[in-house]
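Coordinates in review
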Amino acid sequence: MDQFDLVVRGGTVVTAADTARADVGIRGGKIMAVGIDLPKGRDEVDASGLLVLPGGIDSHVHLAQPAFGGPAMADGFESGTRSAIAGGNTTVLPFALQARGTSLRKAVEDYHKEADGQSYCDYGFHMILTDPTPAVLGQELPALVAGGYSSLKVFMTYDDLVLNDRELLEVFDAAGECGALVMVHCEGYDAIRFMTEKLEKAGKLAPYYHAVSRPQSVEREAAHRAISHSELTGVPIMIVHVSGREAMEQIRRAQSRGMQNMGKPAPSISV
Ligand SMILES: [Zn+2]
């Protein structure tokens, strides 16, 4: 038997099914054996007294994302994946962001230029779709999904990202055709603009008012609308960044009616 490149020796291996004292033998970047008294590896890690866990997968991160005049992203791939590894995550899934007027394929290619050679862990990309032209939905998206980029995110708010209802329906429909998972950020754009301008006029500019500008009804209404579009197109969606009980109740209500919609919490500010 070929020698292992690395043996993690003497730890307590924890898997989805078991917890047991064992050594882990790695060759060619792959776990090739889990067992007792494995032969010496080229490299050895003494894991006695330690838990040896499968690497975590952080399925929703934002790294090196263009700011479009908004706040710049704090982390790029180097610092972001370094902290992922420090926290036990060995795979991260950030978002390749399509700039309006550009192709989705180019967004993915440009994002690879940010990630490749800069990352301490494995990574895959979701795609943020901000400009669902017929070429993007008809050609680019099916080809990207066939190439392994099978999840996309759309926004119902933010000036440079927001899609209107017709665009959301077109995206859901096209995603259903090519088997892509659609994630939706649900907050009502017009409602937030209305509240923001009202608060600005009143001179209420403190960070606290960011929450006041987006009460639970803003998220609930958008979640209900996205779920209705999902029902109309027959395409299940995942509502991300679910922050309030009322939006969560919309998802539960849809599930109780047999819809496959999902929700993923990630707190933002709601009151
Ligand atoms: Zn996000």
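The rules behind the values
- The residue numbering used here restarts from 1 in each chain and proceeds along that chain's sequence as written.
- Per-residue local features are limited, in this predicted model, to residues with pLDDT of at least 70; the limit for side-chain atom pairs, both in listing and counting, is 80 or more; totals at the level of whole chains, interfaces and linings are taken over all residues.
- The side-chain quantities take in all heavy atoms of the structure and omit both hydrogens and water.
- Counting from the N terminus, the helices are the DSSP runs of H or I reaching at least four residues and the strands are the DSSP runs of E reaching at least two.
- Accessibility here uses a 1.4 Å probe with only protein chains present; expressed as a share of the type maximum, an area under 20% marks a residue as buried, one over 50% as exposed, and anything in between as partly exposed.
- Should any heavy atoms of two residues lie within 4.5 Å, those residues are considered in contact.
- Using a 1.4 Å probe, accessible areas were evaluated by the Shrake-Rupley method; residue-level cover was limited to the displayed protein chains.
- Note on donors: an N, O or S atom is included if it sits within 2.8 Å of the metal, or within 3.2 Å for Na, K and Ca, and water is never included, so sites can look incomplete.
- Metal sites are grouped by the angles between bound donors: all angles between 85 and 135 degrees with four donors is tetrahedral, opposite donors over 155 degrees apart with the others between 65 and 115 is square planar for four donors and octahedral for six, and any other pattern is irregular.
- Here, strands pair whenever DSSP counts at least two bridges between them.
- What counts as an axis is a line fitted to C-alpha atoms, over the stretch in contact for a helix, and the angles between N-to-C directions run from 0 to 180 degrees.
- Throughout, the arc means the angular range of directions from the helix axis out to the C-beta atoms.
- Note that domain bounds follow an automatic or database assignment of domains.
- Any two rings among Phe, Tyr and Trp, with Trp reduced to its six-membered ring, count as a pair given centres within 6.5 Å; such a pair is stacked if its planes are under 30 degrees apart, edge-to-face if over 60, and tilted if neither.
- Criterion for a charge above a ring: Lys NZ or Arg CZ within 6 Å of the ring centre, and within 35 degrees of the ring normal.
- Orientation labels follow simple angle bins: below 35 degrees gives roughly parallel, above 145 gives roughly antiparallel, 65 to 115 gives roughly perpendicular, and whatever is left gives oblique.
- Crossings are assigned a handedness: left-handed for a near helix turned anticlockwise from the far helix by less than a right angle, right-handed for a clockwise turn.

This paragraph deals with the overall build of the protein. Counting its secondary structure elements, the protein contains 8 helices and 14 strands. Projecting the C-alpha coordinates of the protein onto the three principal axes gives extents of approximately 70 × 45 × 40 Å. Per-residue burial for the protein yields a buried fraction of 41% across its 271 residues. Across the protein, every contact between residues at least 6 apart in sequence was considered, and the portion connecting residues at least 24 apart equals 70%. Carbon and sulfur atoms make up 55% of the accessible area of the protein, which totals about 14300 Å².

Within the protein, the atoms that donate to the zinc ion are His60 (NE2), His62 (NE2), Lys153 (NZ) and His241 (NE2), at distances of 2.0 to 2.5 Å. Taken together, the 4 donor atoms surrounding the zinc ion define angles of 85 to 145 degrees at the centre, an arrangement classified as irregular. Each donor residue of the zinc ion belongs to the same chain, and together they define the spacing H-x1-H-x90-K-x87-H. Of this pair, His60 sits in the loop between strand S6 (56-58) and helix H1 (77-86) while Lys153 sits in strand S11 (residues 151-155); the two residues are 93 residues apart in sequence, bridging distant segments of the chain. With respect to burial, His60 and Lys153 carry one shared label: buried.

Along strand S12 (residues 181-185), 4 of the 5 residues are buried, which leaves the element largely enclosed by surrounding structure. Of the strand pairs in this sheet, S12 and strand S13 (residues 237-242) are connected by 4 bridges, and their pairing is parallel. Following the sheet pairing, His185 is matched in S13 by Val240.

Now for the sheet that holds S13. In space, the 6 strands of this open sheet follow the order S8-S10-S11-S12-S13-S14, with parallel pairing throughout. Only two strands of the sheet have a single neighbouring strand rather than two, namely strand S8 (95-97) and strand S14 (262-265). Averaged over all pairs of adjacent strands, the angle between their axes in this sheet comes to 25 degrees, without regard to strand direction. Sheet analysis places S8 next to strand S10 (residues 126-128), joined by 3 bridges and oriented parallel. Looking at the pairing, Leu97 lines up with Ile128 of S10. Of the strands in this sheet, S13 and S14 touch helix H8 (residues 245-256), which is tilted by about 160 degrees from S13.

Okay, the environment of Ser217 next. If you trace the backbone, Ser217 turns up in helix H7 (residues 216-233). Residue Ser217 is classed as partly exposed on the basis of its relative accessible area of 34%. For the pair Ser217 and Ala247, spaced 30 residues apart in the sequence, the C-alpha separation amounts to 8.2 Å.

Our next topic: the sheet that holds strand S9 (residues 122-123). The 3 strands are arranged S6-S7-S9 in an open sheet whose pairing can be described as parallel. With one partner strand each, in any of the chains shown, S6 and S9 form the two edges of the open sheet.

Note on helix geometry: an α-helix contains 3.6 residues per turn, so any two residues three or four positions apart are oriented the same way. Within H1 the residues assigned to the buried category are Phe77, Gly80, Thr81 and Ala84. The buried residues of H1 all sit within an arc of 90 degrees when viewed along its axis, so they share a single face. Those residues of H1 that are buried lie in contact with strand S7 (89-92) and helix H2 (104-115). Gly88 lies just past H1 and shows a positive phi near 90 degrees.

Before going further, it helps to examine the domain arrangement of the protein. Domain annotation for the protein reports domain 1 (4-52) and domain 2 (56-265). Computed from C-alpha coordinates alone, the two centres of domain 1 and domain 2 are separated by 38 Å.

Evaluation of the coordinates by the stated rule reveals 8 aromatic pairs. Ring centres of Tyr208 and Tyr209 lie 5.2 Å apart, and the angle between their planes is 80 degrees; this geometry places the pair in the edge-to-face category. Taking the relative accessible area as the measure of exposure, Tyr209 reaches 25% and is therefore partly exposed. Site record: aromatic cluster; members linked through ring pairs are Phe77, Tyr111, Tyr123, Phe125 and Tyr149. One Lys or Arg, Lys153, reaches over the ring of Phe95 and ends 4.9 Å from the middle of that ring.

Moving on, we get to the packing of helix H3 (residues 134-146) against helix H4 (residues 165-178). As a packed pair, H3 and H4 sit with axes 10 Å apart at the nearest point and diverge in direction by 45 degrees. Considering the angle they form, H3 stands oblique to H4. Relative to H4, the crossing made by H3 is right-handed. Between H3, through Leu137, Leu141, Pro142 and Val145, and H4, the contact on the second element is made entirely by Glu170, Val171, Ala174, Ala175 and Cys178.

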